[in-house]
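# Structural description and commentary
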Amino acid sequence: MAETKREIERKYEATGDDVRLPDLTKAAGVASVVDKGVAELDAVYYDTQDLRLAADSLTLRRRTGGDDAGWHLKFPVATGIRDEIRAPLSPDVPRSLAALLRSRVRDARLAPVVRLLSSRHVRHLLDEDSVLLAEVSVDAVRAQRLSPGQVATAAWTEIEVELADEVDPDLLDRVEKRLRKAGLRPSHSASKLARALAETAPSVPDLQKPPAADETSAGDKTSAGDEATAGDHVLGYLRAQRDALVDLDPAVRRDLPDSVHQMRVATRRLRSAFKSYGKVLDRTVTEPVGEELKWLAGELGVDRDQEVLTERLQSRIAALPRTLLLGPVRGRLRTWSVARRSGSRRKTIAVLDSKRYLVLLDTLDALLDGPPLRPAARRPFAEVLPKAVIKDYERLAGRIAQALELDPGEPRDLAMHEARKAAKRARYAAEAARPALGAPARKFAKRMKAVQTVLGDHQDSVVAREALRGLAVQAHLAGESAFTWGLLYGQEVAAAADRERELPEVWHRASRPKLRERLQA
C-alpha cells in the first residue's frame, strides 16, 4: 500500500570529506541537537533509457538501509518541496507507482540507471520541548552509472536539512544562515540523482525537456528579422497544454483536488486551439486528434459534472428555511448523488489505463514533433493571431444574437449552450495569443470569460432543473412530498431568467469596438 509524504528540504554542497557542522542551537527555535548515528543506504534509481523521468525532475528508487527502506517515487511540487510516495520493498517496480508514471513512460521499460551508496550521519534538531523540528544529514555519496556502456563513478559530500511535519518553513532560513556562515552553499543540483547523472556522464546534455524536433522549422523567422512567427506561438501554447495533460495524469490517479477539472481543461484548450488556429495548422490532420481529445474530456467530465451539480443542489437546500424542507430531502439527494457517482472514479482510472489514451498521447507528441504547418504559420504573429481571435469573436456574436432573438424555452436554452461553447473557444483563442499580443489579448480573454460565466451558470440551471424533476418523481413514487424539489425547480427557473436578462449587458461590455481595435493594432 503506497503512502504519501510531503518533503520540504534544502541541500548544501561541501568540499572535502571532513564536514563540520556549525552549532545549530544558535538558530532561533533550536534548543538542542541530538546525534542519531550513521546509516548505510543503498539506493538504485530507475528510469527509461532516454531518462524521461529525470527530464521532468521525477525520481524513482528502490532503497535499503535506514528506517524508510522501500520504493520511493518523488514528484516536484515547488522549489525544495516534493511529494514522496512510498511502497514496500519488492523485487520489481510496484504497480501502484508504475501507474503514476504511465503518461511519461508509456510503453518504454523502466530499468536501473544509477546506484547511490550513502553513508548518512543524522542529527535531529529539537525545540525546548524535545519536539523534532528538522533532520540534518551529512551524506558521503558514491554514485555508479548502471546504464549499458556506462561505468563512470562519482563521489561527493552533501548536507540535507529536511523539515519535520507541521513546522514553520522559516526554520530553514534560520538554519541556512548558520550553514552559510560556516562556508556551506546551496547545492547546484536539485537531487542526488541529477548530480549523479551529470557527473557520471558529463557528455549527456542538460536534463531539461529538450525542444521538440520541429522547433526550428516551426519557428522560421520572417524576412523582417527576429520577429517570431505565428507558428512559434501556437506550437508553444499547444506544447504547454500537452505537458499539462501529461503532468496531471498522476495527480488524477492520486485523486488530488481539482486535478480532473484541470486535466479536462487542458484537453479542451488543445482541441479549441486546433479549431481556432486552422490557418496555422492543417485541420485535416488536427481534427481526428481533436475528436480523441473530445472523447477524453467527456470521459473525465462524468465525475466532475456530477460533483458540480451536487454542490449546486446542496447549496440551494442549505439556503432554504427548515420549514420548507418537507420530507427526507438531504437524505434523498445524498442517495441520488452516491448512486450516480458510484464507480465513476474507477471508470476514470480505466480510461487513463486504456490503450486508446496512450495512443492519443503518442499522437499528440508526433503531431507536435512534426506539425502540419500551413503557410500562415511562417508569417509574423501580429498578422495571424488577431484575425483568428476576431473570427472566434464574430462566431460568438452570431450565436448570442441568435439566442437573444428566441423566446424563453428549450430552443433558447440550447442556443445559449452553443453560445457558451463559442465564448469558451474565443477565450481560449485569446489566452493562446496572450504571450504574443500582451495586454489586449489578456483583456479580451477576461471579457470572454465574463460572457462564458453568465452562459455557464445558465446552462448549470438547465442541468439542475432536469435533475430536480427526476428527484421530484423519485420522491413522489416513494410516497414523499415533492414540494421542496418543486420549490428548488422554481428557483432554478428564476436563476436562468436572471442570467438571460444579464447577458445583453455583459455582452455589451465584452464587445466594445476599441478592445477589438487594440487587439488588431
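About the thresholds
- Residues numbered from 1 in each chain as written.
- Predicted model: local features only at pLDDT ≥ 70, side-chain atom pairs only at ≥ 80, totals over all residues.
- Heavy atoms only, no water.
- Helix = DSSP H or I, 4+ residues; strand = E, 2+ residues; numbered from the N terminus.
- Buried < 20%, exposed > 50% of the residue type's maximum accessible area, 1.4 Å probe, protein only.
- Areas by Shrake-Rupley, 256 points an atom, 1.4 Å probe, with all protein chains shown as cover.
- pLDDT = per-residue confidence, 0-100.
- Contact = heavy atoms within 4.5 Å.
- Axes fitted to C-alpha atoms, helices over the stretch in contact; angles between N-to-C directions.
- Parallel < 35°, antiparallel > 145°, perpendicular 65-115°, else oblique.
- Nonpolar A, V, L, I, M, F, W, Y, C, P; charged D, E, K, R; others polar.
- Polar contact = N/O pair within 3.5 Å; in protein donor to acceptor, adjacent residues only side chain to side chain.
- Core = buried A, V, L, I, M, F, W, Y, C linked by side-chain atoms within 4.5 Å.
- Left-handed = near helix turned anticlockwise from the far one by under 90°.
- Lys, Arg positive; Asp, Glu negative; His and termini not counted.
- Salt bridge = Lys/Arg side-chain N within 4 Å of Asp/Glu carboxyl O.
- Pairing = 2+ DSSP bridges.
- Phe/Tyr/Trp six-rings, centres within 6.5 Å; stacked < 30°, edge-to-face > 60°.

This paragraph deals with the overall build of the protein. Regarding its fold elements, the protein presents 17 helices and nine strands. Overall size of the protein, expressed as C-alpha extent along the three principal axes, is 85 × 70 × 45 Å. With 521 residues in all, the protein has 48% of them scored as buried. Total accessible area on the protein is roughly 25800 Å²; 50% of this is exposed by carbon and sulfur atoms.

A separate point is the confidence of the model for the protein. Of all residues in the protein, 91% have pLDDT values of 70 or greater, and the mean over the chain is 90. Looking at the elements of the protein, mean pLDDT is at its lowest for helix H6 (residues 215-218), recorded as 35, and at its highest for helix H12 (residues 355-369), recorded as 97. Ignoring residues within four places in sequence, the model shows residues 204-226, a span with pLDDT below 50, making 42 contacts including any to other chains.

Here the focus is the packing of helix H7 (residues 230-253) against helix H13 (residues 381-405). Two numbers describe how H7 lies on H13: the axes approach to 8 Å, and their chain directions differ by 55°. Considering their axes alone, H7 and H13 lie oblique with respect to each other. Contacts from Ala 230, His 233 and Val 234 of H7 reach H13 at Phe 381, Val 384 and Leu 385. Along the lines of polarity and charge, the residues of the contact of H7 with H13 split into five nonpolar, one polar and no charged.

With that settled, consider the environment of His 124. Examined against the element boundaries, His 124 turns out to sit in strand S6 (residues 111-126). Its relative accessible area of 17% is what places His 124 among the buried residues. Taking C-alpha positions, His 124 is 55 Å from Pro 328, a pair spaced 204 residues apart along the chain. Once you skip the residues sitting within four places of it in the chain, His 124 turns out to touch Ser 32, Val 33, Val 34, Lys 36, Leu 132, Ala 134 and Glu 135. In terms of polar contacts, His 124 uses its side chain to reach the side chain of Glu 135, at 3.2 Å.

This part covers unusual backbone geometry. The residue Arg 106 is not glycine, and still its phi comes out positive at about 55°. By the secondary structure assignment, Arg 106 is in the loop between helix H3 (102-105) and S6. Here the phi dihedral of Ser 130 falls at roughly 65°; this positive angle occurs in a residue that is not glycine. As for its placement among the helices and strands, Ser 130 is situated in the loop between S6 and strand S7 (132-145). Note on Ser 130: relative accessible area 52%, which makes it exposed.

This part covers the nonpolar core. Counting 70 residues, the largest nonpolar core has Leu 238, Tyr 277, Leu 385 and Val 451 as its most contacted members. In terms of residue count, the dominant contributor to this core is helix H14 (residues 410-437) (13 residues). Contacts of Leu 385, omitting those with residues within four sequence positions, involve Ala 230, His 233, Val 234, Tyr 277, Ala 433, Ala 436 and Leu 437. Within the second largest apolar cluster, 21 residues are counted, among which are Ala 14, Val 19, Leu 24 and Val 136.

Next up on the list: the packing of helix H9 (residues 283-318) against H12. Between H9 and H12, the least distance of the axes is 11 Å, while the angle of their chain directions is 145°. Seen from above, H9 lies across H12 with left-handed handedness. Each of Val 285, Thr 286, Val 289, Glu 292, Leu 293, Trp 295 and Leu 296 in H9 lies in contact with H12, whose residues at this interface are Arg 356, Tyr 357, Leu 360, Thr 363, Leu 364 and Leu 367. Broken down by class, the residue content of the contact of H9 with H12 amounts to nine nonpolar, two polar and two charged.

Quick look at the side chain of Arg 420 now. Checked against the element boundaries, Arg 420 lands in helix H14. For the buried Arg 420, no salt bridge exists, and the shortest N-O distance to an oppositely charged side chain is 5.4 Å, to Asp 460. Non-local contacts of Arg 420, meaning those with residues more than four positions away in its chain, are made with Gln 452, Leu 455, Gly 456 and Gln 459.

What follows is about the pairing of strand S2 (residues 32-47). Here S2 pairs with S6 via 15 bridges, running antiparallel. Paired with Asp 42 across the two strands is Leu 117, which belongs to S6. Where S2 meets strand S3 (residues 59-64), five bridges bridge the pair, whose relative direction is antiparallel. Of the residues in S3, the one forming a bridge with Asp 42 is Thr 64.

Quick look at the pattern of salt bridges now. Tallied over the entire structure, the rule returns 52 salt bridges. A salt bridge links Arg 10 to Asp 173; the shortest N-O distance between them is 2.8 Å. Taken together, the positions of Arg 10 in strand S1 (residues 3-14) and Asp 173 in helix H4 (residues 170-181) put the pair 163 residues apart, joining distant regions of the chain. Arg 10 sits in the partly exposed class, given a relative accessible area of 25%. Note that Arg 399 and Glu 418 form a salt bridge whose closest N and O atoms lie 3.2 Å from each other. With a gap of 19 residues between them, Arg 399 in helix H13 and Glu 418 in helix H14 connect regions that are remote in the sequence.

The next thing to look at is the pairing of S6. Here S6 pairs with S7 via 13 bridges, running antiparallel. When the bridges of S7 are listed, Ser 119 appears paired with Ala 140. In this antiparallel pair of consecutive strands, S6 and S7, the connection spans five residues, and Ser 130 shows a positive phi of 65°.

Before going further, it helps to spend a moment on the packing of aromatic side chains. Under the counting rule described, the total for this entry stands at three aromatic pairs. Taking 6.0 Å as the distance between ring centres and 70° as the angle between the ring planes, the aromatic pair formed by Tyr 393 and Phe 444 counts as edge-to-face. Highlighted residues: Tyr 393 in helix H13 and Phe 444 in helix H15 (residues 439-477), separated in sequence by 51 residues. The pair Tyr 393 / Phe 444 is uniform in exposure class, with both members buried. Each ring, one from Tyr 393 and one from Trp 507, has its centre 5.4 Å from the other, and the planes form 20°; the classification is stacked. In this pair, Tyr 393 is assigned in helix H13 and Trp 507 in helix H16 (residues 483-510), connecting sequence segments 114 residues apart. By the burial criterion, Tyr 393 is buried, and Trp 507 matches it.

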